[in-house]
Structure formats: structure tokens, C-alpha cells
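# Descriptive analysis of the structure
Listed below, chain by chain, are the residues.
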Amino acid sequence: MAAGGGDTFCTMNELEPLRQEAIRVLAAAVASDQLPLEQLETRLALVRQAPNRATLDAIVADVLPTGGFLTPSRLLPVVADHTRAGPVEPAEELRISTVFGSTKRAGSWTVPLRLRLKVVMGELILDMRDAVFGSDVLDIELNVVLGSVVLIVPAGAQVENDCEERFSSSTHSIRSTRGVSPIGLLIRLGGQVRFGSIEIKEKRPTAEEPVKKGLMKLLAGDD
């Protein structure tokens, strides 16, 4: 149906895709700072209770100036891969956002003094094991809603997780770095994680990782 016109009454089966579209619109508004994160939970509850299309239109009207819903094709995932980024002078702050997609940063890159990470219904992978740090203290502020963040930190780094977690989970794996001495790097996590997850992994630099052999090579005894 065209936005703002036609019959606003739908069957339950017809209304469900519109609810999902409304959720995508609200999440995109949070990611672009059009909608405060504190209002998202209330809006989501209203979306779930909306009895018809007109009500859904009203819920997203203030974050969608043209009125009505955007089509899913106009809300494409934000996908980025910065695996070949070269080191540069450290910046004071870097903001990374991803909505309905997957963002990855890895390789040799220069970590700023502060990182602000926003993830809405997506996944962010931040690999810092080969990165250059401009300071021995890195502050990371997280803003995660229905998403996941994977932080790969250098082996021996100290990580302090002070995030406010609601209906979320966090893990810290040091399985592959036993016996590694502290390197004097402190990474402090803050911010909010709602209906999401944080996964912290300590890993050695890629150059120090053992080469994994294929099964056939192992059976054949090849080096």
C-alpha cells in the first residue's frame, strides 16, 4: 500500500512485515542520532502493540519526514571491511556505526585515544591485535541495541568492562594466550548494551599465530 493512503487496516499476517519495517526505521533513527536511545524501548513496545498501519505510521512519523515507511530496499546493510587500512597518526576519537549489517576493522591501523561504537541490529568486529596504539589507555564507549560486538585485543592487554548490560551477555576469552605477560595496555569499556552481546578475545599478533595444517597434510605428514 502507498504510504499515507489507502486502507490502513491489515490482517495480522499483513501487519507483521510492517512491524518489522517500523523496527528497522526506528533502529536506523537511533544510529543516525535522530532518536535518543532511551526512547527506543518505548517505541518498540508501541510497535508490537500497534493494531493497524495508521498507528505504525504515527509511531515513526517524527523520524521519517516524508511520512510512511521506507521500503526495505532503501535500508540496505552497512558493510565495511578495513582489513588493509594502513597506520596513521592517532586521532582523538573515532566513531564507528553499523545498522542491519556487518562492519569489520582489522589489520595494521592506528587506534585513536577514544572509540565510540554504535551497533543496531548488526555485528561489529574490531580486531586490534596488529594495530598501533597511540596511548597505553584506550577508552571504548559502546552503544549496542539488538547487536553484537567482537573485540579482538592484543594478548596481555588488561580489559575492564564497566558497560551497563540489560538482557545481554559478555565473555572474555584468553584460551589462546596462556602464559603471555602483561603488555601495559589498558582497555576500558563503558556505555550501554541492550539485548546484545560483547565478546572479548585476546589473541597474539597474526605473525605469531601457528599455521594450521589441513587434515590431508596432517595425515600425509607433510610440513
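Residues numbered from 1 in each chain as written. Predicted model: local features only at pLDDT ≥ 70, side-chain atom pairs only at ≥ 80, totals over all residues. Heavy atoms only, no water.

### Considering the environment of Pro154
Among the secondary structure elements, Pro154 is positioned in strand 9 (residues 148-154). Pro154 sits in the buried class, given a relative accessible area of 10%. Sequence separation between Pro154 and Lys201 is 47 residues, and the spatial gap between their C-alpha atoms is 8.5 Å. Once residues within four sequence positions are removed from consideration, Pro154 is found in contact with Met128, Arg129, Phe133, Ile183, Leu185, Glu202 and Lys203. (Helix = DSSP H or I, 4+ residues; strand = E, 2+ residues; numbered from the N terminus. Buried < 20%, exposed > 50% of the residue type's maximum accessible area, 1.4 Å probe, protein only. Contact = heavy atoms within 4.5 Å.)

### Description of the environment of Ala50
If you trace the backbone, Ala50 turns up in the loop between helix 2 (37-49) and helix 3 (53-60). Placed 31 residues apart in sequence, Ala50 and Arg19 show a C-alpha to C-alpha distance of 8.2 Å. Contact partners of Ala50, with chain neighbours within four places excluded, come to Leu15, Arg19, Thr55, Leu56 and Ile59.

### Remarks on the nonpolar core
Soluble globular proteins tend to bury their nonpolar side chains together. Formed by 26 residues in total, the largest nonpolar core has its most connected members in Leu117, Met128, Ile140 and Ile187. Contributions of two or more residues to this core are made by strand 5 (114-120), strand 6 (123-127), strand 8 (137-145), strand 9, strand 13 (186-194) and strand 14 (197-203). Per-element tally for this core: the top contributor is strand 8, with four residues. Apart from the residues within four sequence positions on either side, Met128 is in contact with Trp109, Val111, Phe133, Leu138, Ile140, Ile152, Val153, Pro154 and Ile187. Of all hydrophobic cores here, the second largest spans 24 residues; its members include Val30, Ala31, Leu37 and Leu40. (Core = buried A, V, L, I, M, F, W, Y, C linked by side-chain atoms within 4.5 Å.)

### What about the environment of Gly179?
In this structure, Gly179 sits in the loop between strand 12 (169-173) and strand 13. Relative accessible area serves as the criterion here: at 82%, Gly179 is assigned to the exposed category. Between the alpha carbons of Gly179 and Ala155 there is a distance of 9.7 Å; along the sequence they are 24 residues apart.

### Focus: the packing of aromatic side chains
Under the defined criterion, the tally for this structure stands at one aromatic pair. With 5.1 Å between their ring centres and 5° between their planes, Phe167 and Phe195 make a pair best called stacked. Taken together, the residues span a long stretch of sequence, with Phe167 in the loop between strand 11 (164-166) and strand 12 and Phe195 in the loop between strand 13 and strand 14 at a distance of 28 residues. A relative accessible area of 65% places Phe167 in the exposed class. (Phe/Tyr/Trp six-rings, centres within 6.5 Å; stacked < 30°, edge-to-face > 60°.)

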